[in-house]
Amino acid sequence: MNYKKLLINKIKKNNSKICVVGLGYVGLPLAIQFSKKYKIFGFDIDKEKLKNISNNMSYIKQFSNTQIKKLNSKGFFATNDPKKISEADIIIFCLPTPLKNFKPDLSYVNNSIKLFFPYIKKGSAICFESTSYPGTTDFYFVKKLEEKFKIGNELFIIYSPEREDPGNKNFQINKIVKIVSGYTNNCNVIGKLIYSKIVSGIYLAPNIKTAEMAKLLENIYRAINISLINELKILSIKLDIDIFEVIKAARTKPFGFQAFYPGPGIGGHCIPVDPFYLSWLAKKNKLKTDFINLAGKINKQMPSYIVKSVLKYFRNKKKLNIIILGISYKKNIDDCRNSPSLEIIKLFRKKGHHVVFADPCVDKFPKSRDHKYECKKILLTKNNLLKSDCVILATDHDKFKYKFIYNYSKIIFDCRDIYKSSLKKVVKI
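On a predicted model such as this, the values are computed, not experimentally measured, just so you know. (Residues numbered from 1 in each chain as written. Predicted model: local features only at pLDDT ≥ 70, side-chain atom pairs only at ≥ 80, totals over all residues. Heavy atoms only, no water.)

Caption draft 1: Structural context of empty space enclosed by the protein. According to the stated counting rule, one finds one cavity of 30 Å³ or more in the structure shown. Taken together, V26, L30, E129, P161, E162, R163, E164, I173, I176 and K178 make up the full set of residues lining the largest cavity. Tallied by class, the residues present in the lining of the largest cavity amount to five nonpolar, no polar and five charged. (1 Å grid on protein atoms, 1.4 Å probe; cavity = no way out; pocket = protein on both sides within 12 Å on 5 of 7 lines; lining within 4 Å. Points joined across faces, edges and corners; volume = space filled by probe spheres on them. Nonpolar A, V, L, I, M, F, W, Y, C, P; charged D, E, K, R; others polar.)

Caption draft 2: Quick peek at the layout of surface pockets. Space inside the second largest pocket adds up to approximately 680 Å³. Residue lining of the second largest pocket: 27 residues in total, with Q62, F63, Q67, K169 and Q172 positioned closest to the centre. Elements that contribute at least two residues to the lining of the second largest pocket include exactly α2 (27-34) and α4 (65-73). For the lining of the second largest pocket, the per-class residue count stands at nine nonpolar, nine polar and nine charged. (Helix = DSSP H or I, 4+ residues; strand = E, 2+ residues; numbered from the N terminus.)

Caption draft 3: Layout of the sheet that holds strand β8 (residues 155-159). Pairing is mixed in the open sheet, where eight strands are placed in the order β3-β2-β1-β4-β7-β8-β9-β10. Strands with a single pairing partner mark the edges of an open sheet, and in this sheet they are β3 (78-79) and β10 (202-204). When strand β1 (residues 17-21) meets strand β4 (residues 90-93), the two strands line up parallel, connected through four bridges. Across the sheet, V21 pairs through a bridge with F93, a residue of β4. (Pairing = 2+ DSSP bridges.)

Caption draft 4: A look at the pattern of salt bridges. Summed over the entire model, instances satisfying the criterion amount to 16 salt bridges. Here K215 makes a salt bridge to E162, at a shortest N to O gap of 3.8 Å. Placement of K215 in helix α8 (residues 208-238) and of E162 in the loop between β8 and β9 (178-182) is noted, with a sequence separation of 53 residues between them. Here K215 matches E162 in class, with each residue buried. Among the charged side chains, a network of salt bridges with common partners joins K10, D89 and K121. (Salt bridge = Lys/Arg side-chain N within 4 Å of Asp/Glu carboxyl O. Buried < 20%, exposed > 50% of the residue type's maximum accessible area, 1.4 Å probe, protein only.)

Caption draft 5: Structural detail: a nonpolar patch on the surface. A contiguous nonpolar patch, built from L228, L232, L235, L239, I241 and V246 and spanning about 500 Å² of accessible area, is present on the exposed surface. Positionally, L228 belongs in helix α8. (Patch = residues over 30% accessible without salt bridge, like charges linked within 9 Å, V, L, I, M, F, W, Y side chains within 5 Å. Areas by Shrake-Rupley, 256 points an atom, 1.4 Å probe, with all protein chains shown as cover.)

Set out below in structure tokens:
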């Protein structure tokens, strides 16, 4: 049986069915985009997510309840039943790939393959989108699935790394070139066809390892340049230079320079995590990745630098009342994963200071393994601002009323260049 031809015909005639495994910050946007062209359903083990979807409720701020309702109106459903995978012609894995003791934790990937293995059918395509080290797709997908299928004839394996930028309206999924690579030439053909319906451009990488490495390069490039500008920020403050003005000047060069901006640290799932996937692999191959390790060290110490700078300013005050402005890792989103704000709060609390937060995008403090404590969310009222000793602007959400905040704050430590450095109540850190 010609499974390649059958699947191509299904895709071209819009008769193929897709399952997105993992409905988080990558999977849900992808499911919404695919629903415009395909029959689609989702799989997730998080019962709260499944409940929200069935009730037409969004659990990611960038999507409205109306968008979830529209998704469901197209026949979308979310399940935690692995047997349902047998209904899918195309299975797209958008799974967490965190670090555990600075080593790749691929338990979500491994457990999913084991769970779905009995229910994957011949003629299906498997797409892996999670970021990982070169060789992951081969080890976790190809080697396990070739026990049951002839890869490239009976099953088609594709790697296509996610390029999601939450909150960025200029670069949504359909406008970003998609890197695609298949295990065989037949897999390439299938992979290109699947994604070509939802994106404006496809780049076909010569092999899967190259595609995996390209994704890591994208994030390592950002991690290293952010660490460089963070280090220069600290030096610039010592030299009484505004680093943001330095960047503005450097940006006038039309070639050879790309602007990166300092902040209180790095956050999200990618930049704090992905570089260490490669440094782990390098170490395994008895090589060093000095740039990656140094960048990680600099970026990791930024929350501590912020805390020390604030405490130095208030050197004679034993207990501070502090408001943190913004606890998501970047502006205008609700994602708090690895946010430097959480570490800043943790460090202040350890030193006995009282900390609260304000964030228009985050409803409640996100407890986690590293942040088990409570931190109260407050409204930015005149009274709350007046009774605080200082405000730390960590995440520059557009919804903040910056003039109001300035008028009723005693001192603002600005990590994001929102206020002019000449203003009396502003300290750039």
